[in-house]
Amino acid sequence: MIVVKNLHKSFGKLEVLKGIDCHIDQKEVVCVIGPSGSGKSTFLRCINRLEEAQQGQVFLDGEEVTAPNADINRIRQEMGMVFQLFNLFPHKTTLENVTLGPIKIKGMSEEQAEDIAIKLLRKVGLGDKDHVFPAQLSGGQKQRVAIARALAMQPKVMLFDEPTSSLDPEMVGEVLEVMKDLAHEGMTMIVVTHEMGFAREVGHRVFFMDEGILMEEGTPSQIFDNPQNPRTQSFLSKVL
Amino acid sequence: MNLGFTSTEWIFGTIILDRLNEIHGFQVVANNLGNFAMGAVLTLEITLFSLLIGMVLGLIAALGKMSNNQLIKFVAVAYIDFFRGTPLFVQILLLYFGIIPLIFDATPVQAAIIACGLNSGAYVAEIVRAGIQAVDKGQMEAARSLGMTHGQSMRYIILPQAFKIVIPPLINEFVMLLKDTSLVSAISAHELTHTGKMLYASTYQAVWVWGAVCVFYFIMTKAISMLGDWTERRLATE
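Residues numbered from 1 in each chain as written. Chains lettered and ligands numbered in written order. Predicted model: local features only at pLDDT ≥ 70, side-chain atom pairs only at ≥ 80, totals over all residues. Heavy atoms only, no water.

Looking now at the overall build of chain B. Helix and strand content of chain B: ten helices and zero strands. The order of α-helices and β-strands along chain B, N terminus first, is α-α-α-α-α-α-α-α-α-α. Each of the three principal axes of chain B carries a C-alpha extent, and together these read 75 × 50 × 25 Å. For chain B, with 238 residues in total, the buried portion stands at 42%. Considering only contacts in chain B between residues 6 or more positions apart, those separated by 24 or more positions represent 71%. Put simply, chain B shows about 13,000 Å² of open surface, and 68% of that area lies on carbon and sulfur atoms. Within chain B, the 15 negative side-chain charges are centred at a point lying 10 Å from the centre of the 14 positive side-chain charges. (Helix = DSSP H or I, 4+ residues; strand = E, 2+ residues; numbered from the N terminus. Buried < 20%, exposed > 50% of the residue type's maximum accessible area, 1.4 Å probe, protein only. Contact = heavy atoms within 4.5 Å. Areas by Shrake-Rupley, 256 points an atom, 1.4 Å probe, with all protein chains shown as cover. Lys, Arg positive; Asp, Glu negative; His and termini not counted. Charge placed at Lys NZ, Arg CZ, Asp CG, Glu CD.)

Given below as structure tokens:
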């Protein structure tokens with residue numbers, strides 16, 4: 001479903017991605033792990049071109065996302081993204097946060113968009129918070145609204161950029177729970193995460209990245225129980 | 001009819017009014033309240049129209065200055081630099097006597113609005129630019145990641161938040177602009193300061209006339225700040 005070929009990205013002289021090749025199948029949940037600064041987030045952000053790669057290609061269902069003439073705004077509708085810092089729209093209520101995309105981008109009617117939004121907010125356990133502003137929500141609630149906002153565009157794939165890294169520990173569970181449900185429903189997901197438990201339990205495949213290279217990939221049990229690459233071994237020995 | 005005053009207050013008030021009426025300066029001001037009011041209304045008109053022009057130009061210039069197109073950026077920067085880097089008074093003279101007559105036959109008030117509007121736009125541009133840049137970078141990313149165009153993200157996400165941030169400096173600019181319109185008295189637009197000039201020239205009551213002019217200006221600027229506070233409270237989401 002997603003194919004990445006020889007992806008290179010530098011910020012100035014700093015080479016962050018040194019040629020990433022991979023493919024992600026439909027309904028697959030891929031968890032990307034690795035130390036800070038290994039290029040995990042940049043890799044994710046290059047997929048929907050929030051960062052422009054200098055070299056290499058990304059394909060979504062055979063369509064080249066990285067093509068200069070690609071209709072990136074349409075393609076992004078098919079790739080939902082959830083950020084580490086939520087990035088909810090603070091001047092909009094939670095309901096408006098979720099309906100804004102469908103109404104303004106897809107041209108959906110307000111009633112129809114609200115129907116969908118209410119259903120999604122219920123799904124993430126916030127059906128009663130529709131007229132609340134983000135500032136009145138806890139971190140975990142904000143992130144769940146952000147997931148609902150991304151889902152409202154009915155994307156084919158969801159990109160998660162360290163969705164629980166800025167949460168208080170007691171709120172991590174509620175967000176992972178929502179993500180787990182999503183995975184069970186068959187959503188294609190790429191999750192950059194430090195939650196090894198989640199990666200092991202929910203991930204179909206795990207990517208280990210270090211220094212801008214996809215060092216090792218495999219099933220969770222291959223990566224966590226029997227890592228081949230010495231770097232993977234050393235990283236896991238520190239975090240597990 | 002005692003207007004709610006007690007008889008003692010009424011008597012005191014009458015005595016004070018009688019005493020004041022013996023002062024010539026007071027009479028001058030009291031007899032010309034209508035003229036002051038007319039001047040103040042024109043001041044307000046010039047300010048409001050200038051502000052309208054200034055906001056539109058300011059928004060365009062701010063977006064222009066942040067544009068990736070070098071030509072658009074150059075024009076925006078040149079405009080902002082010129083109007084911030086030269087005195088408003090000189091700009092008014094240049095526009096009224098020099099440039100506007102080449103284009104059309106403007107009344108002093110029209111010229112005043114054009115000059116103040118152009119000048120204000122340069123300041124508003126920098127206020128708006130600061131406001132846009134103060135909005136968290138993640139907001140644009142979140143909007144774009146949903147599939148919004150750059151323009152849609154600006155319109156629905158960035159500008160509404162920037163607007164809230166710029167209200168206090170914008171109100172400040174509004175107040176400054178209102179006070180700066182006093183300079184257009186130099187081209188004989190009959191606004192408040194011009195009213196004061198005429199009245200002073202015929203009566204020489206400097207303290208009373210200019211004091212009254214100050215009071216009128218102050219009432220207007222105070223009203224604007226209160227409007228600003230009210231808007232800020234209304235837009236609060238936290």
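So that's the structure; there's more coming.
This part takes up the nonpolar core. Counting residues in each nonpolar core, the largest one holds 60 residues, and the members touching the most others are A:Ile20 and A:Phe43. When residues in this core are grouped by element, the largest group, seven residues, is from helix H8 (residues 150–180) of chain B. Those residues in contact with A:Phe43, other than ones at most four positions away along the chain, are A:Val4, A:Leu7, A:Leu17, A:Ile20, A:Cys22, A:Val32 and A:Met209. The next biggest cluster of nonpolar side chains, apart from the first, holds 46 residues, and it includes A:Ala152, A:Met179, A:Phe198 and A:Phe224. (Core = buried A, V, L, I, M, F, W, Y, C linked by side-chain atoms within 4.5 Å.)

This paragraph deals with the sheet that holds strand S3 (residues 29–33) of chain A. Residue and element names in this part refer to chain A. Taken in spatial order, the six strands line up as S6-S7-S8-S3-S9-S10 in an open sheet, and their pairing is mixed. Every other strand in the sheet has two partners, leaving strand S6 (79–82) and strand S10 (213–218) as the edge strands with one partner each. Taking each pair of neighbouring strands and ignoring which way they run, the sheet shows an average axis angle of 20 degrees. Sheet topology places S3 next to strand S9 (residues 205–210); four bridges connect them, and they run parallel. Paired with Cys 31 across the strands is Val 206, a residue of S9. The strands that helix H9 (residues 230–239) touches are S3, S9 and S10; relative to S9, the one it contacts most, it runs at about 95 degrees. (Pairing = 2+ DSSP bridges. Axes fitted to C-alpha atoms, helices over the stretch in contact; angles between N-to-C directions.)

This part covers the packing of helix H3 (residues 33–65) of chain B against helix H4 (residues 70–85) of chain B. All names here are of chain B. In the contact formed by H3 and H4, the axes pass within 7 Å of each other and the chain directions differ by 130 degrees. When the axis of H3 is compared with that of H4, the two are oblique. Note that H3 runs across H4; the crossing there is left-handed. Of the residues in H4, those touching H3 at Leu 57, Ala 61, Gly 64 and Lys 65 are Ile 72, Lys 73, Ala 76, Val 77, Tyr 79 and Ile 80. Residue classes in the contact of H3 with H4 are distributed as seven nonpolar, one polar and two charged. (Parallel < 35°, antiparallel > 145°, perpendicular 65-115°, else oblique. Left-handed = near helix turned anticlockwise from the far one by under 90°. Nonpolar A, V, L, I, M, F, W, Y, C, P; charged D, E, K, R; others polar.)

Time to look at the pattern of salt bridges. Considering all chains together, one arrives at 20 salt bridges over all chains under this definition. For A:Glu201, the salt bridge goes to A:Lys180, with nearest N and O atoms at 3.3 Å. Of the two residues, A:Glu201 sits in helix H7 (residues 196–202) while A:Lys180 sits in helix H6 (residues 169–184), which places them 21 residues apart along the sequence. Of the residues examined, A:Glu201 reaches a relative accessible area of 56% and is grouped as exposed. A salt bridge links B:Lys65 to B:Glu126; the nearest nitrogen and oxygen atoms lie 3.1 Å apart. (Salt bridge = Lys/Arg side-chain N within 4 Å of Asp/Glu carboxyl O.)

Topologically, A:Leu14 is positioned in strand S2 (residues 14–24). Between the alpha carbons of A:Leu14 and A:Leu88 there is a distance of 30 Å; along the sequence they are 74 residues apart.

With that out of the way, let us pick up a negative patch on the surface. All names here are of chain A. On the surface, Glu 96, Glu 110, Glu 111, Glu 114 and Asp 115 cluster together into a negatively charged patch. It is helix H4 (residues 110–123) that contributes the most residues to the negative patch, four residues altogether. With respect to the helices and strands, Asp 115 occurs in helix H4. (Patch = residues over 30% accessible without salt bridge, like charges linked within 9 Å, V, L, I, M, F, W, Y side chains within 5 Å.)

Another point: the side chain of A:Arg49. All names here are of chain A. Mapped onto the elements of the fold, Arg 49 is located in the loop between helix H1 (40–47) and strand S4 (55–60). At 3.0 Å, the side chain of Arg 49 and the side chain of Glu 52 are in polar contact. A polar atom in the side chain of Arg 49 sits 2.7 Å from the backbone oxygen of Val 65. Discounting chain neighbours no more than four positions away, the residues touching Arg 49 are Val 65, Thr 66, Ala 67, Ala 70, Ile 72 and Arg 76. (Polar contact = N/O pair within 3.5 Å; in protein donor to acceptor, adjacent residues only side chain to side chain.)

Residue and element names in this part refer to chain A. Positive phi, close to 65 degrees, is recorded for Lys 27, a residue that is not glycine. The topology assignment puts Lys 27 in the loop between S2 and S3. Judged by its relative accessible area of 51%, Lys 27 is exposed. Not every positive phi belongs to a glycine, and Arg 49 is a case in point at roughly 60 degrees. The buried category is assigned to Arg 49, whose relative accessible area is 12%.

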